[in-house]
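Understanding the architecture of this molecule
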Amino acid sequence: MGTQFEATVDIDRPIDEVFAFLADGTNDPEFSPRVQKIEKTPDGPTAVGTVFRSTVKDAGMTTGREFEITELVSPSRIRWSERSKNLITAADGGYDLEPTPSGGTRVRIFNVLEGHGIGKLLLPVAGGAARKDAPAFGQRIKAAVEAS
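About the cut-offs
Residues numbered from 1 in each chain as written. Predicted model: local features only at pLDDT ≥ 70, side-chain atom pairs only at ≥ 80, totals over all residues. Heavy atoms only, no water. Pairing = 2+ DSSP bridges. Helix = DSSP H or I, 4+ residues; strand = E, 2+ residues; numbered from the N terminus. Axes fitted to C-alpha atoms, helices over the stretch in contact; angles between N-to-C directions. Buried < 20%, exposed > 50% of the residue type's maximum accessible area, 1.4 Å probe, protein only. Core = buried A, V, L, I, M, F, W, Y, C linked by side-chain atoms within 4.5 Å. Contact = heavy atoms within 4.5 Å. Polar contact = N/O pair within 3.5 Å; in protein donor to acceptor, adjacent residues only side chain to side chain. Expected span 1.5 Å × (residues − 1). Bend = angle between axes of the 7 residues up to and from the residue.

**Structural notes on the sheet that holds strand β7 (residues 105-115)**
In space, the 7 strands of this open sheet follow the order β1-β7-β6-β5-β4-β3-β2, with antiparallel pairing throughout. The strands lining the two open edges of the sheet, one partner per strand, are β1 (3-11) and β2 (35-41). Shown here is a sheet whose adjacent strand axes are inclined to one another by a mean of 20 degrees, direction ignored. Judged from the 8 bridges that link them, strand β3 (residues 51-58) and strand β4 (residues 61-73) form a sheet pairing that is antiparallel.

Quick look at the structure:
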């Protein structure tokens, strides 16, 4: 059984711009300090089946991560699934975007975390930390998109 965290943030940019920024997963290091390096396969626009491979540092451990885009509905919905099997993985995650009356964009991000092996014991702590950081994570996304 997994655990979920989510955050919602309003971004002062039009929905098409926000969608383009978030769909290009190579932008993740701009708002996620845990991402040290990220690559996209294949080259070109992000589509269903695009894979992002990253090196991340969590709780002092460096691991490789591999996420596949499983759904992409411009400009309102992005979904992914982690293909790598680390101690804790994001089995499912995504962004839901909707325009705001002021011309900006409301973004909801979520991840469903799962533990594997000893990670099942660590999941309550990791999930709690992710939920605690979720509002700040949303603010980091906002700052990165608005600065782009």
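**A short note on the environment of glycine 44**
Positionally, glycine 44 belongs in the loop between β2 and β3. What makes glycine 44 partly exposed here is its relative accessible area of 34%. Remark: the alpha-carbon pair of glycine 44 and aspartate 24, spanning 20 residues in sequence, is separated by 9.9 Å.

**Here's the deal with the pairing of β4**
Hairpin connection of β3 to β4: 2 residues between the antiparallel strands, including alanine 59 at a positive phi of 50 degrees. Taken together, the 6 bridges between β4 and strand β5 (residues 77-82) define a ladder with antiparallel strand orientation. Paired with glutamate 71 across the strands is arginine 79, a residue of β5.

**A word on the nonpolar core**
For soluble globular proteins, the rule of thumb is that nonpolar side chains tend to be buried together. In terms of nonpolar packing, the biggest core is built from 32 residues, with Leu22, Phe31, Ile78, Tyr95, Leu97, Val107 and Ile141 touching the most fellow members. Counting only elements with at least two residues in this core, the list comes to β1, α1 (15-23), β2, β3, β5, β6 (88-99), β7 and α2 (119-147). No other element matches the 7 residues that α2 contributes to this core. Discounting chain neighbours no more than four positions away, the residues touching leucine 97 are Ile15, Val18, Phe19, Leu22, Pro75, Ser76, Arg77, Thr105, Arg106 and Val107.

**With respect to the environment of arginine 79**
Assignment of secondary structure puts arginine 79 in strand β5. Considering only alpha carbons, one finds arginine 79 and glycine 103, 24 residues apart in sequence, at a separation of 24 Å. For arginine 79, the contacting residues outside a window of four places in its chain are Glu68, Ile69, Thr70, Glu71, Gly93, Gly94, Tyr95, Asp96 and Phe110. Only 3.1 Å separates the side chain of arginine 79 from the backbone oxygen of tyrosine 95, close enough to count as a polar contact.

**Digging into α2**
Between its first and last C-alpha atoms α2 spans 36 Å; for 29 residues at 1.5 Å apiece the expected length is 42 Å, and the helix comes up short by more than 12%. At alanine 134, α2 shows its maximal bend, which comes to roughly 50 degrees, and the proline proline 135 appears one to four places after that position. Along α2, the residues that are buried comprise Gly119, Leu123, Gly127, Ala130, Ala134, Phe137, Gly138, Ile141, Lys142, Ala144 and Val145. Contacts made by the buried residues of α2 are with β1, α1, β6 and β7.

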